[in-house]
Structure formats: C-alpha cells, structure tokens
Amino acid sequence: MREEESAGDAEPTKLQLRRELGLASSVSLIAGCMIGSGIFMNPQQVIYQMGSPGGSLLIWAACGLLALLGALSYAELGTLIPESGGDYIYILRTLGALPGFLVIYMSTLLLRPAGIAAMSLSFAEYMVAPFYPGCPALPAVAIKCVAAICILVLALVNCWSVRLAAGLMNVCTVAKVLALLVITGGGLWVLGQGRAGDALQNAFAGTSQQLGSISIAFYQGLWSFNGWNNLNLVTEELQNSSKNLVRAVVVSIPLVTGLYILVNLSYMVVMSPSDIRDSGALAISWGNQVLGAWAWLVPVSVALSTFGSVNGAFFGGSRVCYVAAREGHMPAILSMAHIQRLTPSPALTFTAVVALIMVVPGNFSSIVNFCSFVLWMIHGATMGCLLYLRVWKKDQPRSYKVPILIPIIVLLASIYLILAPIIDQPQMEFLYVFLFVLSGFLVYFPMVYCRYQPPLLKVVTAQLQLLLEVAPTRKNVD
C-alpha cells in the first residue's frame, strides 16, 4: 500500500494497496491454493462415490476442465470489474446490494473460515500421524490444537507483511509440486518393476451412474481444485492485471490438473481399490509401501503442502472481508489497514477468529461437502452475472473476452452440482445452507438497508483503530 495526500481538509488521508503480485506470484497463488489437502485426502472419497478407478480418473479430469473454464470466465469479469473481491464484487456490481451482501455473509462467516479450518485440520492430521505410528485413530485434541497453531501462525505472517506471505506461498508451492512429482515418480518406478496393483484392471467395472453419487464425487474432486478463482480476490494487488490474470490461469490450472491425474494413477498402481478406499491417510499408506525407511518424507511434504494452502486461503479470503467492509457490508474497522505494515490486519484477525471457532467441532469430510455446495451456488450466480453483462453491456471495453459457450457450460455444471445431490442424496447440510441464507435477510435490513449504527459501535471502532494502528483505505483500480 501507499499513502495518498487528501484532496481537501474534509477528506481524510487514506491508504492504498500496493501491486506486489507479478506473474510468478500469481501462478503460485493459484497453484498454491489448489494443491493442498485435497489431493492427499479426497481420492479415496472420489473412488468410493464413483465405484471404480476409471470413473475416478474421469472425475479428476472433468474437475480440472471445469476449473479451467470457470477461471477463464472469471478472468473476463476481472477485466470488466477490476476490483478485488471476486464473486462478491461481481455480484454486487451486477445484481445489486442484497445479493452481494448474501454472498459476503456466507463467505466471511462460513465459507472462507470453514475452508481454512478444513485445511488446517488436514495439516494437523499429517503432522500428528508420525507421532502415533500404527494408531488407527489419532487423538482429536492433538489434531485440533495443531490446527489452531497453524491458523495463528499464518494469521501473524499475513499481518506482518504482504511480501513475506507471498514469499512463503512461493516456497510452499515449489515444495508441494516437488512432493507430487515424487509420488508420480514412485508410481512409475513401481510400474517399471512389474509390481503394479490391480486397481487399473477392469478400471471401469462397477462405475456408479447415480446422479447424486457423481455430484458428491465432483464435490470431493473440485475441493482439490478449490482456489482456481483466488487471483480474482486480489486483483488490486496484481501487476498488469488485464494480462497476468489470464496468463496465470492458463499456466497454473493445466499444470495442477496433469499432476493430479498422474498422482491418482500412482496411487492406483501401488494400492488396490479397497486399500485406497479404506486408507485414512492415503499418501502415508502409499509412502509406507513405496518409500520404506524414507516414508517419513510423505507426511512432512503433505503438511508443508497444506500449510501453503492455508496461507493462500488467508491471503485471498481476508481480502474478501476487507473489500466487503469497504463497501459497507461489514463493520468499517475490517476495511482498514495497518499504517506501517500496510496489511489488512483487522480482516485477517477476524478471519482467523472465525476459523478457530470452526476448528472445534470441525470434520474434514462434512466441511468439504458443505462448502462445495455453497461454493457452486455462488459460482453459478457469478456465471449468470457474466452472461448478463454480455447481453446488456456487450459494448463495454474488454481486454479479454471468453467464448460465450464457456460460461454457459460452467453455469449448467453449477446447476447440476446444486440440484443433483438434493434430488438424489438429500442431506441435512443442504437444509442448513438454506436456513443460513434466510438468516442473511434478517441481518441485511437493519445492518445495511437501514444503515443503523449504534453509537457504541462507533466508539468501539475508534478504540480498535487506535489499538491496532490502522487507517481507512481506498481502492487501487487503474
């Protein structure tokens, strides 16, 4: 960020976000957010839902394609509306205040913190596992304590420096790509030794054709690609955003998709379908069979990978909260930045606190299904915004334009992912989502529509501003 002199006595001095992210950091942000706990914990869930290894591989390839199509559509929105905030800011600018508020209400109080909590729990499982060899059930207290430490450490890193957080992201991305390459190489080595398992024999036998099972498999697979749109959350911090947004998408998502398919093949070459489905920590089971005495490298690599993903989720997720506060949809203190560190520390702190609360009752698998359902509701609405802008604002200047068929495909996929599990496999989590959305209406009208601010809130905001050494900010839009 940088300071800007006020234009007049009535206008206070405000801060502005610096453009710290180049192309390499942008690719690292997308890939670093995607490659995390999912590829190490979700393959067995995908196989379980699909019923066959071959069906599982098709799901992974389709998930990568859908993520790429979605990211290309978001890239056009990023050039049309060059503000940070992603889905929230696109829906707010296109559909209005109420839909925008409902998106931010779900994102800041549920979606982003739940995602951070889920990734922190998986990080903790792989960190704790080496200390309990042969133990079928890891102690829940230890896992949740380690997850809480992970959240606190990364909150401090992101509050301290944008450059430090981006540097950590780059290091973790390189490390996690190397870890995936090791798993891929190990599978090829086993295949070359002629010791391949039977997972790829009759690969498509028993493939499920139930819409609900396929949609749940998509949820689990797409969770591993979650983060494909994170660069849109920080557009105001991206150098040459009109070009680097598209470039980063085209480089990162195909790379990650290829790695994911190869890693799944490696799992299937080494382990039988039943072993894959029954494994609690799939990568560790793979490492024990392939690496022998060096198997300890796997939990360390997975933990580092997940640690980087939590860092990326903090980096992007806190910006959504920060932008929403700047638009008046969250308390004003969350839109401020530290006057010396130049980071959105109040928004980061708020995100960390909510994530810590969700760690207490959190369960990885249920969080994935719950968050994926909400995510694709929001993605579908965002695709509707792009199609609306194509029809009603088709003459608006664009530096990049995606073929119209692509957002239509993503919109249809979103509708399928929302409706199929409700129709075929209804779960209580889906009812909770709708109840949570309805509660947003009750919050919206007194907080935003009526613009009611209790006097005590103003006093608290002023005191927090002094305590946290933060000041108001303005948009950093070219």
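As a reminder, the structure under discussion sits directly above these lines.
Residues numbered from 1 in each chain as written. Predicted model: local features only at pLDDT ≥ 70, side-chain atom pairs only at ≥ 80, totals over all residues. Heavy atoms only, no water.

A. Inspection of the side chain of N264 at higher detail. As for its position among the elements, N264 is in helix α10 (residues 241–270). What makes N264 buried here is its relative accessible area of 1%. For N264, the side chain forms a polar contact with the side chain of W60, separated by 3.2 Å. Each residue touching N264, except ones within four places of it in the same chain, is listed here: I39, P43, S56, L57 and W60. (Helix = DSSP H or I, 4+ residues; strand = E, 2+ residues; numbered from the N terminus. Buried < 20%, exposed > 50% of the residue type's maximum accessible area, 1.4 Å probe, protein only. Polar contact = N/O pair within 3.5 Å; in protein donor to acceptor, adjacent residues only side chain to side chain. Contact = heavy atoms within 4.5 Å.)

B. Just the nonpolar core, in detail. Within the largest apolar cluster, 148 residues are counted, with the highest numbers of intra-cluster contacts made by F40, Y88, F225, W228, Y260, Y267 and F314. Contacts of Y267, omitting those with residues within four sequence positions, involve I39, F40, P43, I183, I276, L282, A283 and W286. (Core = buried A, V, L, I, M, F, W, Y, C linked by side-chain atoms within 4.5 Å.)

C. Inspection of helix α1 (residues 23–34) at higher detail. Here α1 contains 12 residues, and its C-alpha end-to-end distance of 17 Å stays within 8% of the 16 Å for a straight helix at 1.5 Å per residue. In terms of residue burial, α1 counts as a mostly covered element, since 10 of its 12 residues are buried. Every buried residue of α1 is accounted for by S25, S26, V27, S28, L29, I30, A31, G32, C33 and M34. (Expected span 1.5 Å × (residues − 1).)

D. Examining the packing of helix α9 (residues 211–224) against helix α16 (residues 405–424) more closely. Between α9 and α16, whose axes approach to 8 Å, the crossing angle comes to 130°. With respect to their mutual orientation, α9 and α16 come out oblique. The way α9 lies across α16 gives a crossing that is left-handed. Every residue of α16 that contacts α9 at L211, G212, S213, I214, S215, I216, F218, Y219 and L222 is listed here: Y416, L417, I418, A420, P421 and D424. Tallied by class, the residues present in the contact of α9 with α16 amount to 11 nonpolar, 3 polar and 1 charged. (Axes fitted to C-alpha atoms, helices over the stretch in contact; angles between N-to-C directions. Parallel < 35°, antiparallel > 145°, perpendicular 65-115°, else oblique. Left-handed = near helix turned anticlockwise from the far one by under 90°. Nonpolar A, V, L, I, M, F, W, Y, C, P; charged D, E, K, R; others polar.)

E. A look at the packing of aromatic side chains. Per the stated rule, a full pass over the model turns up 11 aromatic pairs. Ring centres of Y74 and W228 lie 5.1 Å apart, and the angle between their planes is 85°; this geometry places the pair in the edge-to-face category. Here the residue Y74 occupies a position in helix α4 (residues 53–80), and W228 occupies one in the loop between α9 and α10, the gap between them amounting to 154 residues. Pair check on accessibility: Y74 and W228 agree, each one buried. Arranged with centres 4.9 Å apart and planes meeting at 70°, the rings of F225 and Y260 form a pair that is edge-to-face. (Phe/Tyr/Trp six-rings, centres within 6.5 Å; stacked < 30°, edge-to-face > 60°.)

F. Representation of the pattern of salt bridges. For the structure on display, the rule yields 3 salt bridges. For the salt bridge of E83 with R93, the shortest nitrogen-to-oxygen distance reads 3.0 Å. Here E83 is found in the loop between α4 and α5 (87–95), whereas its partner R93 is found in helix α5, with 10 residues between them in sequence. E83 gets classed as buried once you look at its relative accessible area, which sits at 10%. For R93, a relative accessible area of 35% translates into the label partly exposed. In the salt-bridge network here, residues are joined through shared partners; they are E83, R93 and E327. (Salt bridge = Lys/Arg side-chain N within 4 Å of Asp/Glu carboxyl O.)

G. Representation of helix α3 (residues 43–50) within the structure. In terms of burial, α3 is largely enclosed, as 6 of its 8 residues are buried. Every buried residue belonging to α3 is among P43, Q44, V46, I47, Q49 and M50, and all of these are buried. With its phi angle positive at about 85°, G51 sits one or two positions after the end of α3.

H. Examining the side chain of T351 more closely. Summarising the element assignment, T351 is placed in helix α14 (residues 345–359). Assessed through its relative accessible area of 4%, T351 is described here as buried. Filtering out sequence-adjacent residues up to four positions away, T351 remains in contact with P113, I116, F314, S318 and C321.

I. Inspection of the environment of L342 at higher detail. Locating L342 in the fold gives a position in the loop between β3 (337–338) and α14. By relative accessible area, which is 13% here, L342 ends up buried. Measuring from C-alpha to C-alpha, the distance between L342 and W160 comes to 8.5 Å, with 182 residues separating the pair along the chain.

J. Focus on a nonpolar patch on the surface. On the surface, I404, L405, I408, I409, L412, I415, L419, I422, I423 and F434 cluster together to form a nonpolar patch covering roughly 880 Å² of accessible area. Sort the elements by how many residues they give to the nonpolar patch and α16 lands first, with 8 residues. Mapped onto the secondary structure, L419 falls in helix α16. Accessibility expressed as a relative area gives 43% for L419, which makes it partly exposed. (Patch = residues over 30% accessible without salt bridge, like charges linked within 9 Å, V, L, I, M, F, W, Y side chains within 5 Å. Areas by Shrake-Rupley, 256 points an atom, 1.4 Å probe, with all protein chains shown as cover.)

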